[in-house]
Amino acid sequence: MSASFVIPALTQPSIPVAGESKSFPVRRIWCVGRNYLEHIREMGNDERQPPFFFAKHADMITGDGATIPYPSLTKDFQHEVELVVALKSGGANIDPAKALDHVYGYGVGIDLTRRDLQMASRKKEQPWEIGKSFDFSAPCGALRPAAEIGHPVKGKIWLSVNGTEKQKGDLSEMIWNVAEIIGKLSLQVLLGAGDIILTGTPAGVAALSPGDKIECGIDGIGTLKVAIG
């Protein structure tokens, strides 16, 4: 017997898969804070502190080629390019040695951030949600299956605005690798199929303005283009 609802059923957020007609359904979005040393330094944070996790809502996924409205309440709207990890299965207390068995594939994403609101919340010791979790704040490009490309441990990660490179790093510079991230996150929550993880950003984050055109990518994985409306 199929369920019936008092309002129309909600649309399932999803990410395209490169070369496939089917897409990847998104259950939850997890983000890793402070996973590249130079970004920790540019933000003035303690580089001895381990990375930590925060969340965005699944319906904040935005696709390649989208025009993203400049968000409300902010005067410092910033970009953070990141490796996206998509899980095909999950669990609790996952052994890092077996963590990559749960990965479906990889993509390129941007953690869009209302930096002024994030920093104001931090100073007040309040949650970051207003600065990190808002409409259209999680652009993601098409996924590439791990069965096709393996599990990348190095490769240039970059982002340009209006043709000028702003962020550049390498996946090998991540403080925690993908397997370690999955293991640590699974101590905090029960991971499941459809979860995606944004794994942190390299240095060079900067403010965006209406009309800006963003292009970013990771070698061997793909690219992503969005515009700010």
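Residues numbered from 1 in each chain as written. Predicted model: local features only at pLDDT ≥ 70, side-chain atom pairs only at ≥ 80, totals over all residues. Heavy atoms only, no water.

Engineer: So what exactly am I meant to see when it comes to unusual backbone geometry here?
Structural biologist: Excluding glycine, residues mostly have negative phi values, and the peptide bonds linking residues are mostly trans. Despite not being glycine, E125 shows a phi value in the positive range, around 55°. We classify E125 as exposed; its relative accessible area is 76%. Located in the positive-phi region is N162, a residue other than glycine, with phi close to 55°. With respect to the element layout, N162 can be found in the loop between β13 (156-161) and β14 (164-170). You can call N162 partly exposed: its relative accessible area is 47%. (Buried < 20%, exposed > 50% of the residue type's maximum accessible area, 1.4 Å probe, protein only. Helix = DSSP H or I, 4+ residues; strand = E, 2+ residues; numbered from the N terminus.)

Engineer: Help me understand the packing of aromatic side chains, please; the structure alone is not making it clear to me.
Structural biologist: As enumerated under the stated definition, the model contains six aromatic pairs in all. Grouped by ring-pair contacts, the aromatic residues F52, F54 and W128 constitute a single cluster. Of note, K56 hangs over the ring of F134, and the distance from its end group to the ring centre comes to 5.7 Å. One Lys or Arg, R114, reaches over the ring of F134 and ends 4.4 Å from the middle of that ring. (Phe/Tyr/Trp six-rings, centres within 6.5 Å; stacked < 30°, edge-to-face > 60°. Lys NZ or Arg CZ within 6 Å of the ring centre and 35° of its normal.)

Engineer: Hey, could you run me through the nonpolar core in this one?
Structural biologist: Taken as a class, soluble globular proteins show a tendency for nonpolar side chains to be buried jointly. Judged by nonpolar contacts, the single largest core of 41 residues is most densely connected at L83, I182 and I197. Within the residue set of this core, elements represented by two or more residues are β3 (28-33), β8 (81-87), β9 (103-110), β13, α5 (178-188), β16 (213-218) and β17 (222-228). Of all hydrophobic cores here, the second largest spans 17 residues; its members include F24, F54, A138 and L143. (Core = buried A, V, L, I, M, F, W, Y, C linked by side-chain atoms within 4.5 Å.)

Engineer: Mind showing me how you'd approach the side chain of Q118 here?
Structural biologist: Within the secondary structure, Q118 is located in helix α2 (residues 115-123). Non-local contacts of Q118, meaning those with residues more than four positions away in its chain, are made with T113, W128, G131 and K132. (Contact = heavy atoms within 4.5 Å.)

Engineer: How should the pattern of salt bridges be read in this particular structure?
Structural biologist: Here the idea is simple: oppositely charged side chains can pair when their charged atoms come close. Using the criterion set out here, one finds seven salt bridges in the structure. A salt bridge links R144 to E148; its shortest N-O distance comes to 2.6 Å. Residues joined by salt bridges that share partners form a network here, namely K56, E80, D111, R115 and K132. (Salt bridge = Lys/Arg side-chain N within 4 Å of Asp/Glu carboxyl O.)

Engineer: For this particular structure, what's the right way to read the sheet that holds β13?
Structural biologist: Within a sheet, adjacent strands bond to each other through the backbone by hydrogen bonds, running parallel or antiparallel. Read across the open sheet, the five strands follow the order β6-β17-β16-β13-β14; overall the sheet is mixed. Each end of this open sheet is capped by a strand with a single partner; those strands are β6 (67-68) and β14. Across two bridges, the pairing between β6 and β17 is parallel. From the neighbouring strand, I68 faces β17, where its bridge partner is I228. (Pairing = 2+ DSSP bridges.)

Engineer: How should the environment of T62 be read in this particular structure?
Structural biologist: Structurally, the position occupied by T62 is in strand β5 (residues 61-62). Judged by its relative accessible area of 6%, T62 falls in the buried class. C-alpha of T62 to C-alpha of F77: the two residues are 15 residues apart in sequence and 16 Å apart in space. Apart from residues lying up to four places away in sequence, T62 is in contact with I68, F136, A138, P139 and C140.

Engineer: Could you clarify how one ought to interpret α2 in this entry?
Structural biologist: For an α-helix, 3.6 residues make a turn, and residues three or four places apart therefore share a direction. Of the positions making up α2, those classed as buried are R115, L117, Q118, M119 and S121. Its buried side turned inward, α2 meets β7 (77-78), β10 (113-114) and α3 (129-132).

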